[in-house]
Amino acid sequence: MEPERTTLPTLLIVDDSQAFRVQARSLLEADGFAVIAEAADLASALAAWEETRPQLVLLDVNLPDGNGFALVDLLEADGFRPIVVLTSSRDVGTYRRRLERSRAAGFIVKDELSGGAIRALMESAR
Amino acid sequence: METRQIRWAIGLFGILFGAVAVAIQIEHGSNSDRALIDFAVGETYVVGGLYAWGRQPANRTWKLMTGTGLAWFIGDYAAAGVPVIQQLAILFADTDAILLVALVLAYPEGRVEAAFDRAVLVINAVGLTATNALFLVTGASAPNLVLGLAVTFTVGVRVPLRWLRAPRARRRILGPPLLAVSITLFAIGVAIVVRLLGISEDAASAILSARDIGVLAIPIGFVVGSFQLVEDELLSSRARIVTAADAERRRIERDLHDGAQQRFVALSIALRVVRTRLGPGARTDVTSALDAASDELKAGIEELRELARGIHPAVLTDEGLAGAIPALAERSGIPTRVLAVPDGRLPPPVEATAYFVVSEALTNAAKYSGATHASVSARLGDDMLRLKVADDGVGGADSSIGTGLVGLVDRVAAVGGRLDVVSPAGGGTEISAVIPLVIDPALSGNG
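Residues numbered from 1 in each chain as written. Chains lettered and ligands numbered in written order. Predicted model: local features only at pLDDT ≥ 70, side-chain atom pairs only at ≥ 80, totals over all residues. Heavy atoms only, no water.

1. With respect to the packing of aromatic side chains
Aromatic ring pairs are described here by two measures, namely the spacing of the ring centres and the angle between the planes. All names here are of chain B. Stated precisely, the cut-off is as follows: Centres within 6.5 Å make a pair out of two Phe, Tyr or Trp rings, where for Trp the six-membered ring is used; the pair is then stacked when the planes are under 30 degrees apart, edge-to-face when over 60, and tilted otherwise. Put simply, DSSP H or I for four residues or longer makes a helix, DSSP E for two residues or longer makes a strand, and each gets a number counted from the N terminus. A simple rule labels every residue: compare its accessible area, found with a 1.4 Å probe on the protein chains alone, to the largest value its type can have, and call it buried under 20%, exposed over 50%, or partly exposed in between.
Applying the stated criterion across every chain yields a total of 10 aromatic pairs over all chains. Ring geometry for Phe39 versus Phe73: centroids 6.2 Å apart, planes at 40°, classification tilted. Taken together, the positions of Phe39 in helix H2 (residues 32-55) and Phe73 in the loop between helix H3 (61-71) and helix H4 (83-91) put the pair 34 residues apart, joining distant regions of the chain. Residue Phe39 is classed as partly exposed on the basis of its relative accessible area, which comes to 23%.

Right under this line is the structure:
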């Protein structure tokens with residue numbers, strides 16, 4: 001049943017809630033993504049990014065050592081353009097202004113996370 | 001003894017001490033009108049000082065004011081007829097001037113911090129007493145008068161300068177007593193010149209009376225200033241309470257977000273993982289039960305999100321009004337245009353108050369007004385944030401009865417602002433609020 005490993009989009013999950021990382025990994029792996037790394041804060045996210053170079057980053061807005069928007073800017077400044085999908089359990093209205101100015105592909109509220117939602121944002125980011 | 005009893009005891013002593021002084025003066029042949037004015041001046045300091053002392057027990061200003069009043073009468077005892085008392089009275093005759101200078105320089109906090117002011121105080125205290133001692137020994141009065149003139153001139157320049165340098169909120173406190181002080185110091189200066197030139201007291205009676213009435217205006221000015229001071233302290237403490245409450249709400253929202261909300265979100269994803277793993281061949285009664293649970297959970301998460309936002313909107317913490325007001329307009333029950341929002345950040349209590357006003361005003365408009373459109377504007381000007389929320393509904397809103405509007409009026413007043421509602425029947429509703437950007441006068445700098 002499982003699709004060929006090489007064709008799966010690779011994904012880094014950055015979230016300080018372990019419960020969320022575990023569930024998101026299960027859900028997205030079932031939806032056809034290869035979750036190749038996880039990180040709990042900005043610093044380890046940067047390290048994981050350097051090491052694994054995923055195609056996608058699923059990035060929580062609120063992290064213990066800063067916010068997700070800062071990581072988007074950091075990667076951008078380093079000349080990297082991964083497709084970053086920001087996520088939060090707060091609604092999109094909370095971040096509307098910063099999302100408009102950010103180079104992130106988009107925003108998905110956590111309880112509506114799905115492979116389909118990420119693919120839709122990947123499409124629009126192309 | 002309770003401080004209240006101490007103050008009563010000082011008050012009674014002050015009246016007795018002053019009454020004896022007046023009796024001595026009249027006995028000694030002084031003009032009785034001038035003696036009575038003299039009595040009124042001293043007692044005004046005593047009573048005004050004790051009154052303000054009761055309202056602000058921790059502020060030393062009012063003890064200085066009371067002391068000035070008591071010392072006012074010392075000089076009169078120079079005519080008492082008992083040699084020891086006479087000499088002591090002459091030696092300490094200028095204690096009132098020493099304490100008055102201290103009072104003027106220490107007002108309103110009750111502390112003298114500038115090195116220059118401290119030097120003036122010490123020179124004044126030591127110098128006036130020493131020159132009085134000199135007078136006792138040699139009979140020379142000129143050194144005392146010259147020093148008095150110099151200090152009068154110095155303080156007379158210093159006081160208006162302090163007022164000029166003070167920020168606006170503080171000028172209201174400094175104004176009444178310092179104005180009285182400036183005018184009076186001028187009169188005192190003239191009075192000293194009159195004595196130096198050797199003009200007789202009777203001939204100079206008018207200028208001396210003017211001085212005495214001016215001196216009487218000083219304690220009244222201080223008491224008026226103390227009202228303003230107490231009012232500002234009340235405003236400051238209200239603002240601090242509101243600020244602390246806002247910080248607490250922000251903390252609760254963050255805890256909800258980091259805790260319960262995260263868990264429920266993870267749970268909802270877990271349910272979807274289960275649903276996916278069951279695959280297309282699953283029993284429909286199982287999948288529909290699972291879907292029902294998912295829907296219920298989704299509604300719960302939405303309610304929790306609503307609750308957390310109601311406690312404190314994260315968008316306000318993150319983005320200030322520039323993000324929060326458009327977010328409110330977006331969620332409003334009626335189409336709402338945002339005409340203006342300030343781009344930068346404002347002090348947190350100002351942002352929180354403004355958010356609360358806009359949020360409540362839009363909620364009220366959606367609930368009661370039947371409006372088809374609303375608009376919001378927030379503009380900065382004159383150290384104020386000016387808010388306006390207008391709708392085209394039925395009007396008739398009244399800030400004196402509707403509890404929601406009363407809450408708004410109170411909330412804005414707590415940070416020193418004001419809120420007005422214009423809502424003619426059939427003519428829509430316009431709620432406008434003015435919120436000062438510096439809400440705590442105690443933080444607005446020192447004069």
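2. Points about the confidence of the model for chain B
Which entries qualify depends on this criterion: The predictor attaches a confidence to each residue, called pLDDT, with possible values from 0 through 100. In this description, contact between two residues means that some pair of their heavy atoms is separated by no more than 4.5 Å.
Averaged over chain B, the pLDDT score is 84; the fraction of residues at 70 or greater is 95%. Below a pLDDT of 50 lies the segment residues 441-447 of chain B, which in the model reaches 14 contacts outside its immediate sequence neighbourhood of four places, other chains included.

3. Quick look at the pairing of strand S7 (residues 106-109) of chain A
All names here are of chain A. So the rule is basically this: What makes two strands pair is DSSP finding at least two bridges between them. By convention a crossover is right-handed if, when the strands point away from the viewer, the path from the first strand over the helix to the second runs clockwise.
Alternating positions in S7 separate into two faces, Gly106 and Ile108 on one and Phe107 and Val109 on the other, with burial throughout. With four bridges joining them, strand S6 (residues 83-88) and S7 adopt parallel strand pairing. Bridge assignment links Ser88 to a residue of S7, and that residue is Val109. Regarding the hand of the β-α-β motif, the stretch spanning S6, helix H4 (residues 96-101) and S7 is right-handed.

4. Digging into the sheet that holds strand S1 (residues 10-14) of chain A
Strand pairing within a sheet occurs via backbone hydrogen bonds; the two strands may be parallel or antiparallel. Residues and elements named next belong to chain A. As a reminder of what qualifies: Orientation is described by axes fitted as lines to C-alpha atoms, over the contacting stretch for helices, and by angles from 0 to 180 degrees between their N-to-C directions.
Here we have five strands laid out as an open sheet, ordered S2-S1-S3-S6-S7, and parallel in their pairing. Since the sheet does not close on itself, it has two edges, and those belong to strand S2 (34-39) and S7, each with one partner. Ignoring strand direction, the axes of neighbouring strands in this sheet form an average angle of 25°. As paired strands, S1 and S2 are joined by five bridges and run parallel to one another. What sits directly across from Leu12, in S2, is Ala37. In this fold helix H2 (residues 42-52) packs onto S1 and S2, with an angle of close to 145° to the strand it touches most, S2. This element, helix H3 (residues 68-77), spans strand S3 (56-60) and S6 of the sheet and lies at about 150° to S3.

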